[in-house]
Amino acid sequence: MIRTTVKQFKPYSPGLSIAEIKNQYQLTSVIKMASNENPLGMSPLVIEAVSKKIAEAFRYPRPGSPKLRRAIARHLQLSEENIVVGNGSDEIIDLLIRCTAEPGKNNILVFSPSFSIYRMQGLLHGVKIKDIPLNTDFSFPLNNLLASIDENTSLVFLTNPDNPSGFALDRYTLLEFAKQIPKDTLLVIDEAYIDFAHPIEKYTLLDEFLKKGLKNVVILRTFSKIYALAGLRIGYAIAEKEIASHLLRIKLPFSVNHLAETAAAAALQDTYFYQYTKSMVTNERRRLQKEITGLHCTPYPSQTNFIMFSTPLSADHLFKELLKKGIIIRSLKSYGLPNHLRVTIGTPEENTTFLSTLADILNLA
Ligand SMILES: *Cc1c(COP(=O)(O)O)cnc(C)c1O
């Protein structure tokens, strides 16, 4: 009774959890630098706001999260009709595919490697996925991408800044590219890490969206990364009104819960927490880049809160040795990059521990 597509489905391969590793290696303390979470934990203002609302969780939330839509719209100086809130941007990715792609007919373009949810939800929905290999330096082969669009291409996914490489494309190049996309194809720019790009205005397409009302571009943002709400599951799309209204129509009515909505609205208010995280990540990114290089590893440039690097030893060996010593980073095997690793930028203390453990393993201490 199970569909073939479902039988063949390869589930998402997440970063390992702290509890898992504590258990497996009998460790009392474990540092997780695997899933690009905010190492500072939640903003105190968010904790307070959520605590006050807990007793209201017996009520259904309002479909479409109108309060949060308004708060995000105000924050971005857009109309709330341009905003769709989802259970993580993962839900929005799924909605976009189901909204635009006809199973068995349409196709979706993704870079390889790229964030696996685009491919997974596309395959599950029964649409063809076309892979465009990234350039060897992990920059975007935009001409290949354009040349691969055909009359059945409903969506093009582009992560900017990119995961897992950290590469970011400037917004002028992106805009020129966007203008060449046929009008029946939707370009989705996933800006999950845009808050860590410096300066943001150099990379985000939001200003163009505001000025030019880009019709076939959707921008995705999330509260999982800089806003530190990964566990509450909340993300949003910025889209032209008609597209937004269709996404809202098919969304499960209660997929975004009360507490997530409250938390996200409070998170937008805490500009101190946002700025503090941003400057910590930017400073520590610079330090890690330099120190990782000093350990004979090769980091890639990054505009995100993580760094991809290659190593003189086998990446798999290094990954396992770090685990044994209580440091979880991300193996990139599931991204098809067996020789690369990705480390999330932690607190200064966590980064120091990571670096000294790395030096230990590489016999460079
Ligand atoms: C982390 C991440 C997201 C965010 O997903 P959520 O469902 O909002 O937690 C989206 N896109 C990319 C590329 C990511 O790495």
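Parameters at a glance
- Residues numbered from 1 in each chain as written.
- Predicted model: local features only at pLDDT ≥ 70, side-chain atom pairs only at ≥ 80, totals over all residues.
- Heavy atoms only, no water.
- Axes fitted to C-alpha atoms, helices over the stretch in contact; angles between N-to-C directions.
- Helix = DSSP H or I, 4+ residues; strand = E, 2+ residues; numbered from the N terminus.
- Parallel < 35°, antiparallel > 145°, perpendicular 65-115°, else oblique.
- Contact = heavy atoms within 4.5 Å.
- Nonpolar A, V, L, I, M, F, W, Y, C, P; charged D, E, K, R; others polar.
- Buried < 20%, exposed > 50% of the residue type's maximum accessible area, 1.4 Å probe, protein only.
- Arc of directions from axis to C-beta.
- Left-handed = near helix turned anticlockwise from the far one by under 90°.
- Salt bridge = Lys/Arg side-chain N within 4 Å of Asp/Glu carboxyl O.
- Phe/Tyr/Trp six-rings, centres within 6.5 Å; stacked < 30°, edge-to-face > 60°.

Draft legend 1. Structural view of the packing of helix α5 (residues 88–100) against helix α10 (residues 241–250). Interhelical geometry of α5 versus α10 gives an angle of 100 degrees and a closest axis separation of 10 Å. Classified by the angle their axes make, α5 and α10 are roughly perpendicular. Side by side, α5 and α10 meet where Leu95, Leu96, Arg98 and Cys99 of the first sit next to His246, Leu247 and Ile250 of the second. Among the residues forming the contact of α5 with α10, the class breakdown is five nonpolar, one polar and one charged.

Draft legend 2. Examining α10 more closely. Among all positions in α10, only Ile243, Ala244 and Leu247 are buried. Down the axis of α10, the sector holding all buried residues measures 100 degrees, keeping them to one side.

Draft legend 3. Structural detail: the packing of helix α13 (residues 315–324) against helix α14 (residues 348–361). Following both chains from N to C, one finds α13 and α14 inclined at 120 degrees, their axes separated by 10 Å at the closest point. In terms of axis orientation, α13 runs oblique to α14. The crossing of α13 and α14 is right-handed. Seen from α13, the contacting residues are Leu318, Glu321 and Leu322; seen from α14, they are Phe354, Thr357, Leu358 and Ile361. For the contact of α13 with α14, a count of residues per class yields five nonpolar, one polar and one charged.

Draft legend 4. Structural context of the pattern of salt bridges. Applying the stated criterion across every chain, the model contains 16 salt bridges. Notably, a salt bridge pairs Asp94 with Arg98, separated by 3.0 Å at the nearest N-O pair. With Asp94 and Arg98 both in helix α5 and four residues apart, this pair spans about one turn of that helix. Look at Asp94 and you get buried, because its relative accessible area is 17%. Here Arg98 falls in the partly exposed class, since its relative accessible area comes to 43%. Through salt bridges with shared partners, a single network forms among Arg171, Asp207 and Glu208.

Draft legend 5. Spatial organisation of the packing of aromatic side chains. In the structure shown here, the tally under the stated rule is 13 aromatic pairs. Between Phe140 and Phe167, the ring centres sit 4.9 Å apart and the planes meet at 80 degrees, which makes this aromatic pair edge-to-face. Remark: Phe167 occurs in the loop between β5 (153–159) and α8 (171–180) and Phe140 occurs in the loop between β4 (128–133) and α7 (142–148); sequence separation between them is 27 residues. Among the residues examined, Phe140 registers a relative accessible area of 7% and is labelled buried. Between Phe223 and Tyr236, the aromatic rings sit 5.8 Å apart at their centres with planes inclined by 50 degrees, giving tilted as the arrangement. Taken as a pair, Phe223 in the loop between β7 (217–222) and β8 (235–238) and Tyr236 in strand β8 lie far apart in primary sequence, 13 residues in all.

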